[in-house]
Each structure stands twice: as C-alpha cells, then as structure tokens.
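Topology and contacts: notes
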Amino acid sequence: MSMLEISGLKKLFGGLVVTDNLDLSVAEGELHALIGPNGAGKTTLIAQISGSLAPDDGRIVFAGHEITRWPAYRRAQLGLSRSFQITSIFPSFTVLDNVALAIQARSGSSFRFWQPVKAESALYEAALEILARTGLDALGENPAAALGHGEHRQLELALALATQPKLLLLDEPMAGLGAEDSQRMVELIERLKSQYAILLVEHDMDAVFRLADRISVLMSGRIIASGSGEAIRSNAEVKLAYLGEEEIA
Amino acid sequence: MSGLLFAEQCLNGLQFGLMLFLLAAGLTLVFGIMDLINLAHGSLYMLGAYLAATLTQVTGSFLPGVALALLATALVGMLLEWSVLRHLYRRDHLSQVLATFALILIANEATRAIWGVQPLSFNVPAALSGSVELLPGLSYSAFRLTIIAVGLLVAALLYLLIGRTRIGMLVRAGASNRAMATAMGTNIQRLFTVLFGVGAALCALAGAMLGPLLAVQVGMGENILILAFVVVVIGGIGSVRGAFVGALLVGVVDTFGRAFVPLTLRQFLPPALADAAGPSLAAISIYILMILVLLWKPQGLFPSRA
Amino acid sequence: MTMPTGYSRGLAYWPLALLALALLLPQLLGMFGFDFYVSFATRIMIMALLASSLNLLVGTGGMVSLGHAAFFGAGAYTVAILAREWGGTPATSALLSWPLAMLVGALLAAFIGAICLRTKGVYFIMSTLAFAQMLFYVFLSLKSYGGDDGMSLTQRSTLPGIDLGADVVFYYVVLALFAVALLLLGRLDRARFGKVLRGIKDNELRMESLGFAVFRFKLVAFILAGAMAGLAGALMGNLNNFVSPNMMHWEQSGVVLVMVILGGLGRLWGGLAGAAAMLLLEEILPNFLPHWQILLGVILLAVVFFAPRGLAGIFRA
C-alpha cells in the first residue's frame, strides 16, 4: 500500500508549467529519492505536498485521505512531516525545547494555560529520546541559535522526527554540509529507513544512490524516469538530461 | 450645481492627495530601502511648516521663506540620519518605534520651547490669495491650484530622478532587494543620508504648502503621519509609484467623504444625527479603503518585493 | 554558554517583596502625607495591566498591534454606558459590569483579530490601527454618550460590602486583580500555550509544518489580551470617573506599545516596569524642568541604545 499517492498534479505560474501532470508515489517503508537539475520544479512540488502551495489540478492522497486542499498544519497532524532545505528551527529555544515543542504538536491539546511544560515529563523523555536518535543528546541545553551548521541540520531532522510522522519529506538534508557531516547525515537517514516512508529530495548523488530504494528524475515538472539506482544510472534520457553534470557518472 | 461641487471636490482631493504623496514618498523609500519605521517623519513635516512660517515672516516673502525652510529641514533630516537613525537600520522594528517615538517627544517639546504653545499664523501669500475662474461658474483658489502644480511638478521630478538616473537605479535596486543595496558598498551610507535629506525636504514642502490651509501647531505631524502610513501600505512598501496612486486615492476618498457623506446622510437621518455621524464616517472611509485594498492585495497595490 | 532550564530560587523572592511593598504602600504614603499618590499608584497598576496584556501579544506572540487601545476604550465605555443607562440598578455592580467589559473586549478582539491576523508584519500593524481608529471615530460621533467631550460617571461601580469609592479600597481591589492577572500570565507563559506563542514568534512557518493551527492560537491570544485590556479600561473608567474617545485613539495604543518595549518585550514584569517608569517620569520630570519631555525623549533613546532588552532585561543578567 502506498503511503503517498500523487496523481495528475499540475501547477502553473503565469504561463509557465512548473508541475506537469505529475504522478508519484511512496510506499510504506520505502525510501523514494527525487532528483533533478535546478529549476526542475522540486521546490514547488514539495510546497504542494506539504501544503504551502495549492496545485491547480490533480490529487494528493496521503495515508488514505485526500489532502489536496488541506492546510499545512492538518497534513502535519495526519503524519506528514517535513524538513527544510534552509534550516528552520526555533533560535530562541534550547535544543531540547525545540524538540519538546515539536512533540507537543502531536501529543494532546496545546490549549493548556496553567500546567508548566517542564512538569510534563513524558514530553521531555520523548524529546531526549529524539535527541539521542539524532546525535544531539550532548547539546540539549544549548540555545539553538548557537549551534554549528551541521548540528542545525541534525536539529532540523530531529524536529521532523519529533512529530510521530508516517512520511518524512526531506528537502536536501545534506545542503551545505562538509564531507564529515554529510557522512553522519547519511548514516542517520540509513537508520531511519524502513521505519518511515521517506521522500528524499537531494543533490548529493552518492547519498541518493546509497540510500534510495527507488529513484525518480524530475525534469521540467515531469517525472522522466523512475526505477532502481541501477536502472536510473543506465537510462539514456537521464544521461541526456544530466549531460555535462558529472555527479551521475 | 452639483457638477461644479463635484469638480471642486475633485480638485481638493487631488491637492490633498499630492501633498500626502510628498510625505509618503520619503516614508516609503526609507521603509523599503533602510527597513526603518520612522515615526518622526511627521515631525519633519511639522518642522518644515514652522520654519516656512517663520522664514516667510523674516524674509517678508513666501518663496525665499519656503526655499530656506526646505534647505534647513533637509539639513536637519540629514543630521538626524547621521546622529540617530542610521544606528537603527539593523535593529528590530520595535526598537525603531521606541526610538522614533522618543524623537517625536523631543521634536514636539523643542517646538513648544522655541515657538510657544499657540498655533503659528501662516497666511496664504497675497499674490495667490485670490481665485481663478477655471470654467464659467467654477472659481478655484489660486493657492490651491499652485499646490496642485507644485505637487505634480515634484512627482514628475521624482519620476525622472528614480527612473532615469544612477541614484534612482540604486534606490530602485535597494527597494526591491535590500541585501543587494547593502552589498553595493560604502557609497550606500552616503546615499542613505542624501535620500533622507530629500525625504525631509519633501516633508518640509508639504508642511509649507499645507501650513496656510491647516493650522501650524504642535501635533500636526502625528495626525498626518498616520495618513502617510496608510498611503504607504495601500501603495506597497518601497514603491514610489504606489505611494503616488495611494496618495491620490486617499486624498480623493478623504475629501469626498468629508464633502458628500454628511450631505448624503441628511437625506436619511435627522440633521443633528447626520451632522454628528457624517464627519466620523468620512474619517473612517480611508481606513475602510485601506482594509479593502489589503483584502484584495495583501502587499499593497504595487508590491516592490516579490 | 548554557541557558537555565529551571527558575533559580533567588528570583522567587523579589516578587513577594514587591507584593508586600504594594500592600503597605497606602500606609507608607499616608505616613508622609502623600495620600494623593494612592490614586497615582492605582493608575500605574491599571496601565501595567493594559501593557501586560499587550506584551502577551507583542512580546510573547510577536503580534505587534497598534490598536490595543480599542479594547481598553471599549471596556471603559461598557462600564460608563451601563452606569448611564441603568444607574442605580445591579448593572452598576462590578460583579456584572467588569466581566461584561471583559466580554466586550474579548468579542471585539475576536472580530478584529479574525480579520487582522490574516495579515503580517506592517500590514498587521496598520490594520489593527485602522480598526481602532474606526472605533475611535464611532465614539467621537456618539453625541448621546458625550461625543468628543467624553462622559462622566456619577460614581464608581459597586461591590457588595466594599466601598470602591474610597481610593485606598479601590487601590487594593486593583492590586488584587493585577496580581491575579500577572500570576495567570506567568503560568500561561510557561504552559503549553505560552510555548506555542513563543514558537510562533520565532518561526511561524515551522509551527504550521509541525502541525500547529497557528491562526487559532494567535486568535485565542488576541481574545485573551482583548479581555484583559477591557478590564483595564473598566478600571480606568472607574478610577477617573470619566471616559472619552481619546482612550482608544492610536496615540494611546502607541504609548502602551512604548511602555511594553521600554519595560521589556516578552518579560512577565515588562508591562509593570514600562508603565511605572513612563508614568513616574511624567510625574517627576515636570517638577525639575520646564521642557521635561525633551529629557523623557532622551531617556527613551538611551534605553534603545544602552538597554536593548528593556528595563526588565537589565535585572536579568
């Protein structure tokens, strides 16, 4: 059964077609990677899946619900969780409080005005566990604003994990990472594989081929090829699309 | 009869709108480029009016009085930019609000200290005190016509300055992309100061022209400041063209509201009630205009940022 | 560099000391023959209540409203109109009219918030201002309620067994209400709702994508602040026995906003610190200087440049 099923998705900006009758699915427990050159329409696609941009046509079905017109927060409540390409955290909170806030989003009502959050030990136990899973356990008390770039990327992922997701939408998790940090991030995502359905958008081809169960190639708003890493590597159309870009070779 | 009244109110609206434009042009640029909420913009308008009234009296003539007032206000504006405001560009909006509110307090009290608490008398220059017959049966104040002419002239000059010169190019680039403006180097600091001086001179011009029509008194700046902000928001922050269109819209709606809403109300309501509600409804009209515009276009009519 | 997660014990004592001082203040003032200042202290607390309610929006939730005086004025007029229309009936009882003033503030905030909270940044500032100005002009034109002259109250609201007409009694009632309000705000700040508001201030987009219905949280905060401002208005009307449209003019909103920034954005004691500093300066400076507002301006500028986190920020190193 597929966790995410996109069919006939269409989006136009003025006369420009940025999403062109696109079909895409992510199965339960699958890591589906989406690659494509700059300007292929990855960002607009993510925006439509996560709910910050409304498609002109087509359907998005997630976990058995049609969510095409849902606002972003309702999608998140249903278990669609995303990370951002440009780190998007809560800089004035500590690392631990960042994650606790994210957990708060999916554990009971937040219209509570009297009981201090600090007294909710369940919230903080869950937050500590997420920190341990993302390798941030030593940094919990630090202000989030004071972290380094690699740690910011880890926190970005931690926030996405904290909302008990069914599907992770990872928008270039390696963006701007050095070799060492990249390696750590790949290992981290490897550990998440099969626990969640994951749609990974990434430029780092080594990471993509190492992690993905299935790869789809986006060009001018359309999926031009989809299949295993081997199949994509040998696909003539993809080679043509990436002509001059050495990453794929 | 009612056609003539309508024509006269159109001219009044245009005249008031053009003066609002002088205020809003500087405000929108400072806001768009330097990201500064300058509440003290209205104080420069007040200062301009006071200086123009005083210098007209000293020189005995309107034109040199106004010219000197423009120059002096521009200098004060640049001094203000150099001493206080430039240190606020990188601060958050709320710090700017507090600091420029403090400047209003200082400006108002300094004005009281120098000129006293009584409103200043500032008469329409004798040569322009008459009226001109525009159409048979439609005579219109020569001074108000002059205001319209000056307003249109300044608008045209600004259009050329911003559309056709290198400084204008920098200004436009800055309004649409602030990071780029700051990246353009050391000259930008001087550009900001000059820009601020120009904005201050425009304030002074508006103060000098409106002074003889409205009262020259402490507090005059705050009343018009809000109208100028309404214009900026309607037009789109950072857009001079937006400020122009917004100013004319606000000028006309405000003038028509004042002229026609009480008249219209009298047809339905008892006169006492109509007289009470009329001016208020007229004053409300521009706020309704702003909210309607924002519901239609949340970034104003001419958003300068994508 | 680490941030304290708990609240250190030392800090818990000075609010109690402040409360003790506030409880003894009327006696202390009486000892020195300064009874007049009891009403002044009451005024500070009412403005502090108003500023604290705005601080919930601006400091905690990042919603910069320049129309907060609308709810203040609406609360004041609620009490005044009840007294005018139904004077001498139970409608003038504080038990009825003050909650009603809060309800009016809350309903008005629900309406204005539902529209304005769809905009952001300066557009939010200007639309809150627009609604407040509209209300100002409506009351300006209501001649039957005094129009621009305002309206006097013949007497303060009544409470069974308590004479609110006595300034000292009224002082203690206001003190009790302000203390409760501050307690509630302090709890709220540390509870889930407060964390959500601070999260929204930090990063609204991320809050949405985590699954928070951001608009709802903002609206509830707006309504709470409106109710609290309505109560402050009811108290101010009672203190002065007078209400006027100027209570809801944008300059009033601006002054309260200045109090909040001056006192300390998002700090529990910021509203009190700002209101007290501002009103005390306005009270004291004229005794020494003819053009004291210049000095007030300079002091405010100094705060912007030398105490960027406000007065309450100075005390938390």
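Keep in mind the model is a prediction, meaning the values are calculated, not measured. (Residues numbered from 1 in each chain as written. Chains lettered and ligands numbered in written order. Predicted model: local features only at pLDDT ≥ 70, side-chain atom pairs only at ≥ 80, totals over all residues. Heavy atoms only, no water.)

1. Regarding the interface of chain C and chain B
Put simply, the rule is: Two residues qualify as a contact provided that any one of their heavy atoms is within 4.5 Å of a heavy atom in the partner residue. Accessible area that two parts lose when put together, evaluated with a 1.4 Å probe and summed over both, is termed the buried area. Counted as salt bridges are all cases of a side-chain nitrogen of Lys or Arg within 4 Å of a carboxyl oxygen of Asp or Glu. Residues adjacent in sequence count toward polar contacts only when both atoms are side-chain atoms; beyond that, a polar contact is any pair of N or O atoms within 3.5 Å, and within protein one must be able to donate a hydrogen and the other to accept it. Each helix is a run of H or I in the DSSP string that is no shorter than four residues. Each strand is a run of E no shorter than two, and both are numbered from the N terminus. For this scheme, ten residues count as nonpolar: Ala, Val, Leu, Ile, Met, Phe, Trp, Tyr, Cys and Pro. Four count as charged, namely Asp, Glu, Lys and Arg, and the remainder, Gly too, count as polar.
Residue-level contacts link 38 residues of chain C with 41 residues of chain B. When chain C packs against chain B, close to 3,500 Å² is buried across both sides, 83% of that on carbon and sulfur atoms. Broken down residue by residue, the surface that chain C buries against chain B is led by C:Tyr123, C:Met126 and C:Val304, which jointly contribute 19%. For the pair chain C and chain B, the number of links is zero salt bridges. Counting the contacts that link chain C with chain B gives five residue pairs in polar contact (both at pLDDT 80 or more). Secondary structure elements with two or more residues in the side of chain C that touches chain B: α5 (121-141), α10 (250-263) and α12 (292-306) of chain C. Take the side of chain C that touches chain B: its biggest share by element is 13 residues, from α5(C). For the side of chain C that touches chain B, the per-class residue count stands at 30 nonpolar, six polar and two charged.

2. Regarding the interface of chain A and chain C
Many analyses report the size of an interface as the accessible area lost when the parts associate. At the junction of the two partners, chain A supplies 39 residues and chain C supplies 31 residues. Across the chain A/chain C interface, buried area totals approximately 3,200 Å², and carbon plus sulfur atoms make up 64% of it. In terms of surface lost to chain C, no three residues of chain A exceed A:Tyr73, A:Phe113 and A:Trp114, which account for 20% of the buried area on that side. Across the contact surface, chain A and chain C share two salt bridges. Salt-bridge contacts for C:Arg192 lead to A:Glu120; the nearest nitrogen and oxygen are separated by 2.9 Å. At the junction of chain A and chain C, the tally comes to 18 residue pairs in polar contact (both at pLDDT 80 or more).

3. Considerations on the domain arrangement of chain A
Residue and element names in this part refer to chain A. The condition is simple: For every domain, the bounds stem from an assignment made automatically or drawn from a database.
Entries for chain A in the domain assignment read domain 1 (1-79 + 167-249) and domain 2 (89-164). Put simply, the middle of domain 1 and the middle of domain 2, counted by C-alpha atoms, are 26 Å apart. Between domain 1 and domain 2, the contact holds 20 residues from the first and eleven residues from the second. Of the roughly 1,100 Å² buried between domain 1 and domain 2, counting both surfaces, carbon and sulfur atoms make up 60%. It is Met185, Leu188 and Tyr196 that lose the most area in domain 1 upon contact with domain 2, and together they represent 30% of the buried surface on that side. Linking domain 1 to domain 2 there are six residue pairs in polar contact (both at pLDDT 80 or more).

4. Observations regarding the environment of B:Leu27
All names here are of chain B. When you line up the elements, Leu27 lands in helix α1 (residues 2-34). Taking the C-alpha atoms as reference points, Leu27 and Phe196, separated by 169 residues in sequence, lie 9.3 Å from one another. Among residues more than four places away in sequence, those in contact with Leu27 are Asn38, His41, Ala228, Phe229 and Val232.

5. What about the side chain of C:Thr128?
How we decide: Partly exposed residues are those whose accessible area sits between 20% and 50% of the maximum for their type, while under 20% is buried and over 50% is exposed, using a 1.4 Å probe and protein chains only.
Tracing the backbone through its elements, the reader meets C:Thr128 in helix α5. On the basis of relative accessibility, which here comes to 2%, the residue C:Thr128 falls in the buried class.

6. What to know about the sheet that holds strand β8 (residues 197-201) of chain A
Note on sheets: strands pair through backbone hydrogen bonds, and any given pair is parallel or antiparallel. Residues and elements named next belong to chain A. Counted only if it meets this: Paired strands, in this sense, are two strands between which DSSP finds at least two bridges. Axis definition: a line fitted to C-alpha atoms, over the contacting stretch in the case of helices. Angles run 0 to 180 degrees between N-to-C directions.
What the six strands build is an open sheet, ordered β6-β7-β8-β3-β9-β10; its pairing is mixed. A single partner strand is all that each edge strand has here, and the edge strands are β6 (80-83) and β10 (222-227). For this sheet, the mean angle separating the axes of adjacent strands, direction not counted, is 20°. Bridge count between strand β3 (residues 31-35) and β8: four bridges; the pairing is parallel. In the sheet register, Leu34 faces β8, and the bridge partner there is Val201.

7. Remarks on the packing of helix α10 (residues 240-268) of chain B against helix α11 (residues 271-296) of chain B
Residue and element names in this part refer to chain B. Put simply, the test is: For classification purposes, an angle smaller than 35 degrees is called roughly parallel, one larger than 145 roughly antiparallel, one from 65 to 115 roughly perpendicular, and anything else oblique. Crossings are classed by handedness, with left-handed meaning an anticlockwise turn of the near helix from the far one by less than a right angle and right-handed meaning a clockwise turn.
Close contact between α10 and α11 brings their axes to 8 Å; oriented N to C, the two are set at 150°. Relative to α11, the element α10 lies roughly antiparallel. Of the two possible hands of crossing, α10 and α11 adopt the one that is right-handed. Where α10 approaches α11, its residues Leu249, Val250, Val253, Asp254, Gly257, Arg258, Val261, Pro262, Leu265 and Arg266 are matched on the opposing element by Ala274, Asp275, Ala277, Gly278, Pro279, Leu281, Ala282, Ser285, Ile286 and Leu289. Looking at the contact of α10 with α11 residue by residue, the class counts come to 13 nonpolar, three polar and four charged.

8. Concerning the pairing of β8(A)
All names here are of chain A. Let me state the cut-off plainly: Think of it like this: strands point away, you trace from the first strand over the helix to the second, and a clockwise trace means the crossover is right-handed.
With five of five residues buried, β8 lies mostly within the body of the structure. Here β8 shows two buried faces, one formed by Ala197, Leu199 and Val201 and the other by Ile198 and Leu200. Bridging between strand β7 (residues 167-171) and β8 involves five bridges; their strand directions are parallel. Each bridged residue has a counterpart across the sheet, and for Leu169 the counterpart in β8 is Leu199. As a crossover connection, the stretch from β7 through helix α6 (residues 179-192) into β8 is right-handed.

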